[in-house]
Amino acid sequence: MTAGIINIILLIYFIKTKNKKACITLIILGILQGLLYLPWMIYFLSQLNHVKKGFWIEIKFPKTLIEILGFTFSGNLEFKIGFVVAILIYSYGIFRIFKKGIKENKIALFCILIYSLVILSAYFMSKYLKQDILYYRYIFVVTGLMFLALSFVLSKENTKLIIIICAVILILGIINNISMIKENYSKDNKKPIDYIRENIKDGDVLTFPNIGSGSVIAINFSNYKQYYYNKSHWGIEEAYKAFGPQMGIYFDTDFVKECKGRTWIITSRKQNILCRKF
């Protein structure tokens, strides 16, 4: 989408400047780009058709907007924190662009334009396709344009202001990394595994509605029958074979009929594995 929008903007510019040679070159290159993207587009359409049965992405306002603007500064923190920081920094940058004049800040303005058009295009495509595809992590690939625009504007500002903004970003980064290290290397991560290992009995069945926690359980208890309830219809059964052959994949709750004896239901909440048995 980003590549297509850039091409359209360039084409409009060349038409406006009456650069016929550049227009022809761009059209030829655009066709070649389209051919190169064709294999991906075919796969994209097949994915859309598959996830019509159910998908985990959902556009909700203002939640979606907060996530898109805030995720680059949030990390493991609340999105609202990143959103406030993003609004302050981006608003100041846009204000300075118009304050100093559009001609002097064309590069920054075009970066913001492309970034915004990608988000808007994804939103309208979601409505047209009747399948939400706008998600904050997917925007990361084009976020560099916002940073380029911000860097371009800040390069002309007072040194003290640059230091303050960079310090805020650095502090958020340090806090996020400390939080991530504590979470990933916490001794508590082993407690659910130890609990199951101490209480599981021969003939027990393990079930999970989340492949994240489920995959951890699958590789630690490969001698027990397992069922993954794929409620969101993730269409990558081939990949799940890595956790087989003891793991069955179901899109409905019919697997309950096969559960005999004690059955463990393992779910994820805030990245912690919760264990229940009945």
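Each remark here, short or long, concerns the structure printed above.
The sections below set out a description of the structure shown in this document. Because the structure is a prediction, the values reported are computed rather than measured.

### Some thoughts on helix 4 (residues 79-100)
A rise of 1.5 Å per residue sets the reference length of helix 4, with its 22 residues, at 32 Å; its end C-alpha atoms lie 31 Å apart and thus fit the reference within 8%. Looking at helix 4, one finds that the buried residues are Gly82, Val85, Ala86, Ile89, Tyr90, Gly93, Arg96 and Ile97. Take helix 4 and look down its axis: the buried residues cluster within an arc of 115°, on one side only. In helix 4, the exposed residues that point more than 90 degrees away from the buried face are Lys80, Leu88, Phe98 and Lys99. Tucked into the core, helix 4 has its buried residues touching helix 3 (63-74), helix 5 (106-129), helix 6 (144-154) and helix 7 (159-184). Among the residues trailing helix 4, Gly101 stands out with phi positive, at a value near 110°.

### Digging into the pairing of strand 2 (residues 225-229)
Where strand 1 (residues 205-208) and strand 2 come together, four bridges link them in parallel fashion. Note on strand 2: the bridge partner recorded for Leu206 is Gln226. Between the parallel elements strand 1 and strand 2, the chain passes through helix 9 (residues 211-220) in a crossover that is right-handed.

### A short note on the environment of Gly212
The residue Gly212 is located in helix 9 in this model. Among the residues examined, Gly212 registers a relative accessible area of 39% and is labelled partly exposed.

### What about helix 5?
In this model, helix 5 (24 residues) spans 33 Å end to end at C-alpha, consistent with the 34 Å of a helix rising 1.5 Å per residue. Listed in full, the buried residues belonging to helix 5 are Ala108, Cys111, Ile112, Ile114, Tyr115, Val118, Ile119, Ala122 and Ser126. Note on helix 5: the residue one or two positions beyond its end, Lys130, has a positive phi of about 55°.

### Quick word on the packing of helix 4 against helix 7
Running from N to C, helix 4 and helix 7 point in directions that differ by 160°, and their axes come no closer than 12 Å. In terms of their interaxial angle, helix 4 and helix 7 are classed as roughly antiparallel. As helix 4 packs across helix 7, the resulting crossing turns out to be left-handed. Taken together, the residues of helix 7 that come into contact with helix 4 (itself represented by Ile81, Val85, Ile89 and Tyr92) are Leu161, Ile165, Val168 and Leu172. Grouping the constituent residues of the contact of helix 4 with helix 7 by class yields eight nonpolar, no polar and no charged.

### Thoughts on unusual backbone geometry
Here the residue pair Phe61 and Pro62 is connected by a cis peptide bond, since its omega of 10° sits within 30 degrees of zero. Note that Pro62 resides in the loop between helix 2 (20-50) and helix 3. We note that Lys18 has phi near 60°; this positive angle belongs to a residue other than glycine. With respect to the helices and strands, the residue Lys18 is situated in the loop between helix 1 (2-16) and helix 2. Notably, Lys130 is not glycine yet its phi reads approximately 55°, a positive angle.

### Some points on the side chain of Asn105
In this structure, Asn105 sits in the loop between helix 4 and helix 5. In this structure Asn105 comes out as buried when scored by relative accessible area, which is 2%. Not counting residues within four places of it along the chain, the set of residues in contact with Asn105 comprises Arg96, Ile97, Lys100, Phe152, Val153 and Lys156.

### Quick word on the environment of Glu104
Structurally, the position occupied by Glu104 is in the loop between helix 4 and helix 5. In the structure, Glu104 is positioned 49 residues away from Val153 in sequence and 9.7 Å away in space, judged by C-alpha atoms. With residues up to four places along the chain from it excluded, the contact list for Glu104 reads Phe152 and Lys156.

### Regarding the nonpolar core
In terms of nonpolar packing, the biggest core is built from 34 residues, with Phe73, Ile89, Tyr90, Tyr115 and Leu134 touching the most fellow members. Of the residues forming this core, the biggest block, eight residues, is contributed by helix 5. The contacts of Phe73, once residues within four sequence positions are left out, are Gly82, Val85, Ala86, Ile89, Tyr90, Phe147, Ile169, Leu172 and Asn176. Counting residues in hydrophobic clusters, the runner-up holds 15 residues, among them Ile196, Phe208, Phe221 and Met247.

### Observations regarding the pattern of salt bridges
Counting across every chain of the model gives six salt bridges. We note a salt bridge from Glu157 to Lys100, for which the minimum N-O separation is 3.5 Å. With Glu157 in the loop between helix 6 and helix 7 and Lys100 in helix 4, this residue pair connects regions lying 57 residues apart in the sequence. Owing to a relative accessible area of 29%, Lys100 belongs among the partly exposed residues under this scheme. Between Asp188 and Lys191 there is a salt bridge; the shortest N-O distance is 3.0 Å. Taking the relative accessible area as the measure of exposure, Asp188 reaches 43% and is therefore partly exposed. Look at the salt bridges and you will find they share partners, linking Arg96, Lys100 and Glu157 into a network.

What counts, and where the lines are drawn
- All chains use their own residue numbering, which begins from 1 and follows the written sequence.
- Owing to the predicted nature of the model, reporting of local features is limited to residues with pLDDT of at least 70; listing and counting of side-chain atom pairs is limited to 80 or more, with chain, interface and lining totals taken over all residues.
- Side-chain numbers come from the whole structure's heavy atoms, not from hydrogens or water.
- The secondary structure listing takes helices from DSSP runs of H or I that are at least 4 residues long and strands from runs of E that are at least 2 residues long, numbered from the N terminus.
- For a helix, the expected span equals 1.5 Å multiplied by the number of residues minus one.
- Think of it in three bands: residues with accessible area under 20% of the maximum for their type are buried, residues over 50% are exposed, and the middle band is partly exposed, with areas taken using a 1.4 Å probe on protein chains only.
- Here, the arc refers to the directions that run from the helix axis to the C-beta atoms.
- In this analysis, two residues are considered to be in contact whenever any of their non-hydrogen atoms come within 4.5 Å of each other.
- At least two DSSP bridges between two strands are needed for those strands to be called paired.
- If you view a crossover with the strands going away from you and the path from the first strand over the helix to the second runs clockwise, you call it right-handed.
- Here the axes come from fitting lines to C-alpha atoms, over the contacting stretch only for helices, and the angles between their N-to-C directions go from 0 to 180 degrees.
- If an angle is under 35 degrees, it is roughly parallel; if it is over 145, roughly antiparallel; if it lies from 65 to 115, roughly perpendicular; otherwise it is oblique.
- Handedness of a helix crossing follows the sense of rotation of the near helix relative to the far helix, less than a right angle counterclockwise being left-handed and clockwise being right-handed.
- For this scheme, ten residues count as nonpolar: Ala, Val, Leu, Ile, Met, Phe, Trp, Tyr, Cys and Pro. Four count as charged, namely Asp, Glu, Lys and Arg, and the remainder, Gly too, count as polar.
- Only buried residues count toward a nonpolar core. Its members are Ala, Val, Leu, Ile, Met, Phe, Trp, Tyr and Cys residues joined through side-chain atoms within 4.5 Å.
- A carboxyl oxygen of Asp or Glu within 4 Å of a side-chain nitrogen of Lys or Arg is what we treat as a salt bridge.

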